[in-house]
Structure formats: structure tokens, C-alpha cells
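As a plain string of letters, each chain reads:
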Amino acid sequence: MKFQGILRRPVLVPAAAVLIAAAVGAALLHWGGGAVPQTAPGLPDPGPTTAWLLPTARLGMQLGAVATVGLLLAVVLLSPRDDGRLSPLGYRRLRVAAISAGLWVAASAVAVCYTLVDLFGLPASQVLSARAVLNFAFTVPIGQALALNGLLALVVLIIAAVTLRPVGAVLALLLSLAGVVPPVFTGHAAAASNHQLAVSGLLLHVLPVTVWAGGLFALAITARGSTADLAVAVRRFSPLALACLVTVGASGFVSAAVRLNRPADLMTTRYGQLLLVKIAVLAAVGVAGLVHRRRAIPALLAGQRRAFLRVAGVETLLFATAIGAAVALSRTPAPIGGAEEDAATSLLGFPMPAPLTVVTLARDWLPEPLVIAVVLAFAGLYAAGVWRLRRRGDTWPVARTATWLAGCAVIILATSSGLARYGPVLFSIHMVQHLLLMMVAPILLVLAGPITLALRALTPSTDPRWPGPREWLQAALHSKVTRKLTHPVVALALYVASLYVLYFTGLYELAVRSHAAHLAMVGHFLGVGYLFFWVVIGIDPAPRRIAHPLKLILVLISMVLHAFLGVALMQSTALLAPDWWTALARPWGPTPLEDQRAAGGIAWSFGELPTLIVLGAVMRQWISADQREARRRDRAADRAEAEGREDAELAAYNRMLAELAERDRRTRG
């Protein structure tokens, strides 16, 4: 594949970005004390090679991830289509993404090896072997995170190298974003006392920065084609960049708050000073983005791309400086802590809460920044859709808006209130979270009709080469994946069987020990709950039309199986996650087994109330559908009578009755 045409002129931009990131990272590492630390005599020392090579590999991982995510984002959102297929520009960007993914894989492999060397504190020749590296990658959390990062990058490389269709590019983009996540759970954030706040805040920081910097990088180095197409791409990217800027600012504040003991640490510690450098650079990127929007886009619309390339190049180099500062931060000790943690704090990320009362449950909130940010974003998008409809004179039921906002409130209540603080301490409270996330919130969200609202509020694209959000939503609704997921058997199996898999395997203990697994569990509860209730009571369009009797059967089966889960927990003599409860050693309240039986009672009794509501909704929809069908037939019969002809359905019905009467007469004769 010839990439010279793509990279001939803009090759200076990525080369300069790499050099600037490396230089800034090296300088700040030396200034911050993270490079070549002084080792006390007699203690093991991995040597200067590891001290410099490891942050270089980390830098390579970050640059490779940014470039790969940005190029794939450009393929999916910022490139025109050619009759539903990738355009030549999108195809070239996809192949360049394969190259950057290869660099990402190589950097990850080096990072795995030299992180192991750094942990042992010995020269690489004494540590590195195939067996040691594999054992580190499969058994040690930081090794698992780095190895998973590299593995996902390898899968992205393969997909980007062989796919020819937009669907493959979308899959590669999602996997590349997933590849950015694992190292977040093993850095300074995971070591912080409030690791839930720290990790979620860092996720909200890392992902938007990667999308923001990567998208700009992709546009800067592959800015070929017509200026009209480039103007469309920049206009599409501009609101995304603004959203990333807002998210990065808010999440950066949260991340700094849990890593610094006091505000004065910003000025008095090397970590705080490096953080100020990164903040200043990102602020400069935001100012450059404002200039970009005011000057570069009008220039592109006028057929001139020089202004865009100049501003985009400056922004890219500023981002490279920020990435270098981030690498230096990753190797600089944060001023966390002070008091020694007890066993409960090290397990939970916060001290053992006081005995459970109504007051403590209502007062002692534990915010989950990632969930709150996503929920508020969806609430804002829904409100924007309603506002757009009303602005053009259309109506939207107030009850649906209230239902959607209530569903969003339930999610925040389940994940950030006192329920979140007591959930890992009492299994019965976790079961309340389970019911809210898997039943109550999805029912409310489904009845709000968000897909119908989106299809009405979003305007169709005027250019078939540039499909917009409405076209993407329609494509997702009619995709093979959606059709398979909305099959009644699949939806029921995901909704019910996953509960037994979670609670009667080691997954539940993993979810309480790992914040990553906890977030995955929350997403799973909401996802499978929404899918199931969309199938049985959803008012939005779906790939399959299911008869109402089948919907009733699905709801009854789910009710029985959910009740059986509650009974099994009530009668069980085996404790779920026994190692967790033993290590936690909660000094108050019921014993873990008593609490587990109480959780079973909650699942058996209160868990059936939402199901009864769903049954009522199915019956109401069934009656309404029959009434609509009867009115339709009446109108058809009236039209046929007015036109002096016989209605086709009525004629068929009359013929059937005549045949039955004739058959009965012959039988009697």
C-alpha cells in the first residue's frame, strides 16, 4: 500500500509531535524526579535504560492510541461515504490507522517487559524471559492491563488492515477506545484512597482527550480532498471537540482533588506543578480551538485550507506537549495519603461506613462521576430533542419527558447515593441496586420512547455522501446485531441467565473487588434490562414485531425465574463471595449469610412489583392494539361500502363462515 501520497506533505506534523512529546516528557521527568531515581546503596536497581525506556514505551502507547483512535474516528464520522461504502479518503485513513495500531502494539509489548523489569528492580538481562513475561501478563494486575491494552491494539490492527466496510471501521473504533481503558485502572488513580472517584474521573479525562487530540491529528495529517469536504468534517468535529473540552476540564478537577491532599500541593509539590503545566497546555489548546472555529472554518468554506492546516498543526503540537506532561505525571509520585489505611479502606476505597440507618443511607452519598456524566448527557440530549420538536411546532408528551428524567434519576440514585456506599458492604443493599438498575430504570427509560424522539428530532442528511446521526441510528436499528439481540429468546436469556451467572460464579466477587468490573456490571444491568423491556413493552420501533401473547409469556417466564433466584438465595447455606466478606469483616449489622438471605427476600418480593407493572403495560398495549385494529377494519369497511364494493377482509370472513355452514350441513345430512 502506498502511503506517500497521504503523508508526503503533512509528515512533518506527526514527526514534530513525537519529538515534542518525547522532549517535554523527558524534561519534565528529569525536573519532576521521575527519571533515573536515586537508589539507596544495597537496594536493587534496574538501571538507567529501564528508567528511560519505560516512559518512552508509555509515550509510544499513548501516541499510538491517540493516532489510531483519531484516524478511525475520521473514517467513521469525518469522511464521506461512497454509496454506503468507504470512500477513497476513508479507506486511506483506515490503512494509516493500521500502521499506528502496529506502533501501539510494539510500544505495549515493550511496556509489558520493562514494567516487569522495573518492578523487580534488576537489570533486564536478569529478569526477562518468555515464562516470566507471560506469567506477569496473566497474573499481575498491571501486567494484565498492559497486555490487554496491547491485545486490543493488535485486534484493531488486524481489522483495520483487512476491512473494507464502515461496519468494520466502527468495530475497530470501539475496540481502540476500549484499549485506552485498562491502564487507567492500574495507575495513581487506582492507588488513591477514593479510587472510585479517581478512576472514574480519570476515565472521563483520558477518553475525551484521546478522541479530541486524535480527531484533530487525523484531520491535520490527512487533510486531502476538496476543501468543501474538509469543511464538513471540521464542522462535525467542532462540537465534539467542545464537548471533550468541557468534560476534560470537569474530570481534571475531580482527578486532581483525589490525588492532592490540599490545594497548596499544586504549588508545593512536583506532581502539582506538573499538573499545572498540563492544565495550562490544555487551556492553550482550547484557545487554539476557538481560533480554529472562528478563522479556519470560514477559510475552508472560501476554498482556502492553509489557515486550517496552520491552526491544526499548532493544536496538534500543543496536544503533544500535553501528552508528554501526562507521561511525566505517570512516573511522578502523587502526594496521596497521609494516614495509614485499614483493611476496609484498602478494599472499599473509603472507610467502613457507619451502621446503616435511614439517615446514613440518605446522607452518605458516594458519587460515581462516570455514570453521572453519561446520565446527565443523555438527559440533556433528550431535553434538546424535545426543545427542537417544540421549536418547530411539534408536540411531545410531557409524561414521556418526565418518565425519562425519572429513569435518569433512578440510575444516579442507585450508583451514587448511600446505596453505592453500602452496596459493597451489605448484599441486601446491592440487591436493591440490582432491582433499580435492571428493572425500575429500564422500564422508565423504555416507556419514554427515546428512539422515536430521536428519529423525529434529528433532521435527515441532505447529502447521501455524508450520513448524519439520524442515518446512523436507522442503520443501527436495522443491523443484523440488533435484529439478533431483539429476538425474544435472546433477550430473555440475556436478562435472566446472566443473573445466575453473576451470582453463582466468581463474577460477583470480582465486581465488588474491581472497580472496572463494577462499572461493567452496572452497564450490563442497564443494558440487558433496557433490551428486555424494549422487546416486551417498548414503544420505539424495533426490528421485530412480537405478538402480545408472546410478550405476556416472556414477562411471566422472567418473573418466575427471578423469583426462583430470590428463593435460592433465601434457602442457600453457602455464602456468596466468602473471601470478600471475611476480609471486609464488617463490625456491625447482620452476619453475611443473614444479609444474603435478606437479599433473597428482597429479590423474591419487591422484585416482582415492577414485573406486575410490566404485565399491566402489556395488557394495556394489547387492548389498545386490538382497538386500533378494529377501528381500521371499520374504516376499511366504510370506505368499501361508500365505493359500492365489498371489503376484501369482510368478504373473506363471510366466505369462511359460508364454508363452515356448508360443511356443518353436509355432516348432519
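Look a little higher up for the structure.
Right, let's walk through the structure included here. Keep in mind it's a predicted model, so treat the numbers as computed, not measured.

### Some details on the overall build of the protein chain
Right, so step 1: Of regular secondary structure, the protein chain possesses 31 helices and 2 strands.
Right, so step 2: A total of 669 residues make up the protein chain; the buried ones form 48% of that total.
Right, so step 3: Put simply, of all contacts in the protein chain between residues at least 6 apart along the chain, 79% involve residues at least 24 apart.
Right, so step 4: Taken as a whole, the protein chain presents about 32,200 Å² of accessible surface, with 67% of it coming from carbon and sulfur.

### A look at unusual backbone geometry
Right, so step 1: The phi angle at A577 is positive, at roughly 50°, despite the residue not being glycine.
Right, so step 2: Tracing the backbone shows A577 in the loop between α27 (548-571) and α28 (578-584).
Right, so step 3: In this structure A577 comes out as buried when scored by relative accessible area, which is 8%.
Right, so step 4: At A585, a residue that is not glycine, the phi angle is positive and equals roughly 50°.
Right, so step 5: Among the structural elements, A585 can be located in the loop between α28 and α29 (592-605).

### Quick notes on empty space enclosed by the protein
Right, so step 1: Following the criterion strictly, the structure yields 4 cavities of 30 Å³ or more and no others.
Right, so step 2: Estimates place the volume of the largest cavity at around 280 Å³.
Right, so step 3: If you list the elements that add at least two residues to the lining of the largest cavity, you get α10 (195-221), α15 (343-348), α20 (427-447), α25 (507-513) and α26 (515-537).
Right, so step 4: Examining the composition of the lining of the largest cavity, we find that 4 residues originate from one element, α25, more than from any other.
Right, so step 5: Broken down by class, the residue content of the lining of the largest cavity amounts to 11 nonpolar, 9 polar and 1 charged.

### Brief notes about the packing of helix α24 (residues 488-503) against α27
Any two packed helices are characterised by the angle at which their axes cross and by the distance between the axes.
Right, so step 1: Between α24 and α27, whose axes approach to 11 Å, the crossing angle comes to 5°. Here α27 runs roughly parallel to α24, going by the angle between their axes. The residues of α27 that touch α24, namely those facing P488, L492, Y495, V496, L499, Y500 and Y503, are L550, L554, I557, S558, L561, H562, F564 and L565.
Right, so step 2: Considering only residue class, the contact of α24 with α27 consists of 13 nonpolar, 2 polar and no charged.

### Side note on the nonpolar core
Side chains that are nonpolar tend, in soluble globular proteins, to be buried together.
Right, so step 1: Core analysis: the largest hydrophobic core is formed by 84 residues, its most contacted members being F427, Y503, F533, V536 and I537.
Right, so step 2: Not counting residues up to four positions away in its chain, the partners in contact with F533 are M438, M439, P442, I443, V446, Y495, G538 and V614.

### Examining the packing of α24 against α26
Right, so step 1: At a minimum axis separation of 8 Å, α24 and α26 run at an interaxial angle of 150°. Between α24 and α26, the angle falls in the class roughly antiparallel. Where α24 crosses over α26, the two elements pack in a sense that is left-handed. Touching A491, L492, L494, Y495, S498, L499, L502 and Y503 of α24 are M521, H524, F525, V528, G529, L531, F532, F533 and V535, all from α26.
Right, so step 2: Its residues placed into classes, the contact of α24 with α26 shows 14 nonpolar, 3 polar and no charged.

### Focus: a nonpolar patch on the surface
Right, so step 1: Nonpolar side chains collect at one region of the surface, where L148, L151, L154, V155, I158 and V162 lie side by side and expose about 500 Å² of accessible area between them.
Right, so step 2: You can see V155 is positioned in helix α7 (residues 141-162).
Right, so step 3: Note on V155: relative accessible area 32%, which makes it partly exposed.

### With respect to the environment of T316
Right, so step 1: If you trace the backbone, T316 turns up in helix α14 (residues 306-330).
Right, so step 2: A relative accessible area of 6% means that T316 is categorised as buried.
Right, so step 3: The spatial distance from the C-alpha of T316 to the C-alpha of G215 is 9.8 Å, given a sequence separation of 101 residues.

### A short note on helix α6 (residues 130-139)
Right, so step 1: For α6, the complete set of buried residues consists of V133, F136 and A137. Projected down its long axis, α6 carries its buried residues within an arc of 95°, all on one side. Of the exposed residues in α6, the ones pointing more than 90 degrees away from its buried face are R131 and F138.
Right, so step 2: Those residues of α6 hidden inside the fold are in contact with α4 (88-120) and α7.

Definitions and cut-offs
- Residues numbered from 1 in each chain as written.
- Predicted model: local features only at pLDDT ≥ 70, side-chain atom pairs only at ≥ 80, totals over all residues.
- Heavy atoms only, no water.
- Helix = DSSP H or I, 4+ residues; strand = E, 2+ residues; numbered from the N terminus.
- Buried < 20%, exposed > 50% of the residue type's maximum accessible area, 1.4 Å probe, protein only.
- Contact = heavy atoms within 4.5 Å.
- Areas by Shrake-Rupley, 256 points an atom, 1.4 Å probe, with all protein chains shown as cover.
- 1 Å grid on protein atoms, 1.4 Å probe; cavity = no way out; pocket = protein on both sides within 12 Å on 5 of 7 lines; lining within 4 Å.
- Points joined across faces, edges and corners; volume = space filled by probe spheres on them.
- Nonpolar A, V, L, I, M, F, W, Y, C, P; charged D, E, K, R; others polar.
- Axes fitted to C-alpha atoms, helices over the stretch in contact; angles between N-to-C directions.
- Parallel < 35°, antiparallel > 145°, perpendicular 65-115°, else oblique.
- Core = buried A, V, L, I, M, F, W, Y, C linked by side-chain atoms within 4.5 Å.
- Left-handed = near helix turned anticlockwise from the far one by under 90°.
- Patch = residues over 30% accessible without salt bridge, like charges linked within 9 Å, V, L, I, M, F, W, Y side chains within 5 Å.
- Salt bridge = Lys/Arg side-chain N within 4 Å of Asp/Glu carboxyl O.
- Arc of directions from axis to C-beta.

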